[in-house]
Amino acid sequence: MKKYDYIIIGAGFFGAIAAYELTRKGYHCLVIEKRNHIGGNCYTKNIEGINVHQYGAHIFHTNDKEIWDYVNQFATFNRFTNSPVANYKGELYNLPFNMNTFYQLWKVKTPQEAKAKIEEQSAEYKNIIPRNLEEQALKLAGKDIYTKLIKEYTEKQWGTDCKNLPAFIIKRLPFRFTFDNNYFNDKYQGIPVGGYTRIFDKLLENIEVRLETDYFADKDYFDSLAENTIYTGPVDLFYNYCFGKLNYRSLRFENELLETDNFQGNAVINYTSHDQKYTRIIEHKHFEFGIQPKTYITKEYPQDWNDALEPYYPVNDEENNAIYLQYKHLAEAEANVIFGGRLAEYKYYDMHQVIGSALARMKKIEEKRK
Ligand code: FAD
Ligand code: UDP
């Protein structure tokens, strides 16, 4: 008999929910986390009374009532609706692409006028099956929107030409003919009052968590502690890169505390041209409608990933997906290891999707036991 039923590597959403659900069912769990805090990339830290999203803006949204009810057990969500503004060479546009944007671009005032303008702008792409992000964007939105709001932002974000990127990335954004600046189409949306870290405090209450502990620093020892493993780190690292390295995109965050109560009047402003090297500026207080005398802002600079940097985004292009498939076969053949989350499943998951995936996996464990 080993000391724990499960060792869980990573205290992000996948790991924390796995630990919570398994503990509830009577399993004895140990969570190890290499960072000095829980919460993974959703971690928030209180600075001058402002809950700062330390790893980029995190807005919770879902269409799934079960997942919404689930997270609401652990926090009260406010009514925040993400409505970023784009700054292209000093001109401001509402996002996502909607009637406000179309008016700002072309002074069109009705959906009919907007549709006619977009048809004219995208005419030459009408009959193509988009093979990449550029073709998808041109077909969907036409030349002006692609040039001013998509092309350069995407090149900065992903460090490559839009022709080299999969079409699905741009399909994340709504495109609508109403005056509605809501960035998401989902039924439920908000920010946990008091920050995300509180959710993780509750999920991991009464569970043994060892911070600043890297699984790979002593893998054999950690494996000897538990019957089963739940792993939420990069899948290629787990297998010692035996099929080659997967590529990720990283970010650098530049933070500033400013002696003003309101710097930009919105939580998120995207910079959609190459004039700035950052993609967006986040003003954290606006996520919770803060009225503090100071403000805290973060500029987000995308960068190429290497071993010394955090792997924030999987690069789900054909080449990397093919490498991932090989790792996936190995992972699926493991009897006592579950791979879950953005890094272990190499998927551009949002929070609600990671929660859904974790809950489904924990349900399977329960069904197996019965
Ligand atoms: P993570 O949060 O990455 O947690 C994995 C944990 O495992 C980390 O804490 C890591 O330190 C730890 N770990 C890894 N390897 C080891 C090891 N060897 N030993 C010990 N510990 C280890 N989603 C939304 O829904 N809305 C948003 O607005 C949103 N915005 C985002 C903005 C940015 C900039 C980024 C990068 C992501 C955003 N996301 C958003 C996605 C969201 O962050 C993820 O879906 C979610 O955090 C994934 O949870 P996870 O548990 O899979 O991974
Ligand atoms: N995007 C864009 N212009 C913008 C915002 C987003 O072209 O002003 C594109 C870009 O390619 C980005 C993708 O849409 O990678 C998805 O955007 P989202 O805001 O969902 O990205 P995330 O918050 O995950 O970084």
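Attention in this report is confined to the structure presented alongside it. Predicted, not measured: the structure shown is a model, and the values here were computed from it.

**A few points about the overall build of the protein chain**
- Across its full length, the protein chain carries twelve helices and 16 strands.
- Compactness check: the protein chain gives a C-alpha radius of gyration of 22 Å against a globular reference of 21 Å for 370 residues, within 12% of the reference.
- Expressed as lengths along the three principal axes of its C-alpha atoms, the size of the protein chain is roughly 70 × 50 × 40 Å.
- Counting the 370 residues in the protein chain, one finds 56% classified as buried.
- Looking at the protein chain alone, contacts between residues at least 24 apart form 70% of all its contacts between residues at least 6 apart.
- Roughly 17500 Å² of accessible area belongs to the protein chain as shown, and the carbon and sulfur atoms make up 48% of that amount.
- Computed over 47 positive and 50 negative side-chain charges, the separation of the two mean positions in the protein chain equals 4 Å.

**A word on the pairing of strand E2 (residues 29-32)**
- Residues Cys29 and Val31 of E2 are buried on one face, and the alternating residues Leu30 and Ile32, pointing to the opposite face, are buried as well.
- Handedness of the crossover is the feature at issue here: the chain leaves strand E1 (residues 4-9), passes through helix H1 (residues 13-24), returns alongside E2, and the resulting connection is right-handed.
- Here E2 pairs with strand E9 (residues 208-210) via three bridges, running parallel. Looking across to E9, one finds that Leu30 is bridged to Glu208.

**Quick word on the site of ligand 1**
- Looking at ligand 1, there are 31 residues lining it, with Glu33, His58, Ile59, Tyr349 and Met351 nearest.
- For ligand 1, an oxygen atom lies 2.9 Å from a polar atom in the backbone of Asn41.
- With respect to ligand 1, the backbone of Ile59 contributes an N or O atom lying 2.8 Å from an oxygen atom.
- For ligand 1, whose free accessible area comes to 1000 Å², the fraction covered by protein is 96%.
- Contributing elements (two or more residues each) for the shell around ligand 1: H1 and helix H12 (351-369).
- Looking at the shell around ligand 1 residue by residue, the classes come out as 16 nonpolar, nine polar and six charged.

**Regarding helix H3 (residues 99-106)**
- The buried count for H3 comes to six of eight residues, which makes it a mostly enclosed element.
- Within H3, burial applies to Met99, Asn100, Thr101, Phe102, Leu105 and Trp106.
- You can read the cap of H3 off the contacts: a side-chain oxygen lies 2.9 Å from the backbone nitrogen of Asn100, and it is on Asn98.
- Looking one or two residues past H3, Lys107 carries a phi angle of roughly 60°, positive in sign.

**Description of the packing of aromatic side chains**
- Evaluated as defined, the whole model comprises 40 aromatic pairs.
- Residues Phe80 and Phe289 carry aromatic rings whose centres are separated by 6.4 Å and whose planes lie at 45° to one another, so their mutual orientation is tilted. Linking Phe80 in the loop between helix H2 (65-72) and strand E6 (85-88) with Phe289 in the loop between strand E13 (280-283) and strand E14 (295-304), this pair joins segments that are 209 residues apart in sequence.
- Aromatic ring contacts, followed pair by pair, group Tyr215, Phe216, Tyr221, Phe222, Tyr231, Phe238, Tyr239, Phe243, Tyr327 and Phe339 into a single cluster.
- Between Arg252 and the ring centre of Tyr301, over which it is positioned, the NZ or CZ distance is 4.2 Å.

**Some words on the site of ligand 2**
- As a structural note, the neighbourhood of ligand 2 is formed by 17 residues, with Leu149, Thr154, Tyr183, Tyr313 and Tyr348 the closest of them.
- Leu149 places a polar main-chain atom, nitrogen or oxygen, 2.8 Å from a nitrogen atom of ligand 2.
- In the model, an oxygen atom of ligand 2 is placed 3.0 Å from a nitrogen or oxygen of the Arg280 side chain.
- Protein contact buries 93% of the 520 Å² of open area that ligand 2 shows by itself.
- Every element with two or more residues in the shell around ligand 2 is listed here: helix H6 (143-158) and helix H7 (168-171).
- Here the element with the most residues in the shell around ligand 2 is H6; it accounts for six residues.

**Details of the environment of Ala322**
- On the secondary structure map, Ala322 appears in helix H11 (residues 318-332).
- We classify Ala322 as partly exposed; its relative accessible area is 43%.
- In sequence terms Ala322 and Lys34 are 288 residues apart; their C-alpha atoms lie 28 Å from each other.

**Structural notes on the layout of surface pockets**
- Roughly 560 Å³ of volume is contained in the second largest pocket.
- If you list the elements that add at least two residues to the lining of the second largest pocket, you get H11, strand E16 (337-339) and H12.
- Here the residues of the lining of the second largest pocket are counted per class, giving ten nonpolar, two polar and nine charged.

**A look at the pattern of salt bridges**
- Taken as a whole, this structure holds 23 salt bridges when the rule is applied.
- The partner of Lys148 in a salt bridge is Glu91, with the nearest N and O atoms 3.4 Å apart. Remark: Glu91 occurs in strand E7 (residues 91-94) and Lys148 occurs in helix H6; sequence separation between them is 57 residues.
- On the basis of relative accessibility, which here comes to 23%, the residue Lys148 falls in the partly exposed class.
- In this structure Glu91 comes out as partly exposed when scored by relative accessible area, which is 34%.

What counts, and at which threshold
Residues numbered from 1 in each chain as written. Chains lettered and ligands numbered in written order. Predicted model: local features only at pLDDT ≥ 70, side-chain atom pairs only at ≥ 80, totals over all residues. Heavy atoms only, no water. Helix = DSSP H or I, 4+ residues; strand = E, 2+ residues; numbered from the N terminus. Rg over C-alpha atoms; globule rule 2.2 N^0.38 Å. Buried < 20%, exposed > 50% of the residue type's maximum accessible area, 1.4 Å probe, protein only. Contact = heavy atoms within 4.5 Å. Areas by Shrake-Rupley, 256 points an atom, 1.4 Å probe, with all protein chains shown as cover. Lys, Arg positive; Asp, Glu negative; His and termini not counted. Charge placed at Lys NZ, Arg CZ, Asp CG, Glu CD. Right-handed = clockwise from strand over helix to strand, strands pointing away. Pairing = 2+ DSSP bridges. Near = heavy atom within 4 Å. Polar contact = N/O pair within 3.5 Å; in protein donor to acceptor, adjacent residues only side chain to side chain. Nonpolar A, V, L, I, M, F, W, Y, C, P; charged D, E, K, R; others polar. Phe/Tyr/Trp six-rings, centres within 6.5 Å; stacked < 30°, edge-to-face > 60°. Lys NZ or Arg CZ within 6 Å of the ring centre and 35° of its normal. 1 Å grid on protein atoms, 1.4 Å probe; cavity = no way out; pocket = protein on both sides within 12 Å on 5 of 7 lines; lining within 4 Å. Points joined across faces, edges and corners; volume = space filled by probe spheres on them. Salt bridge = Lys/Arg side-chain N within 4 Å of Asp/Glu carboxyl O.

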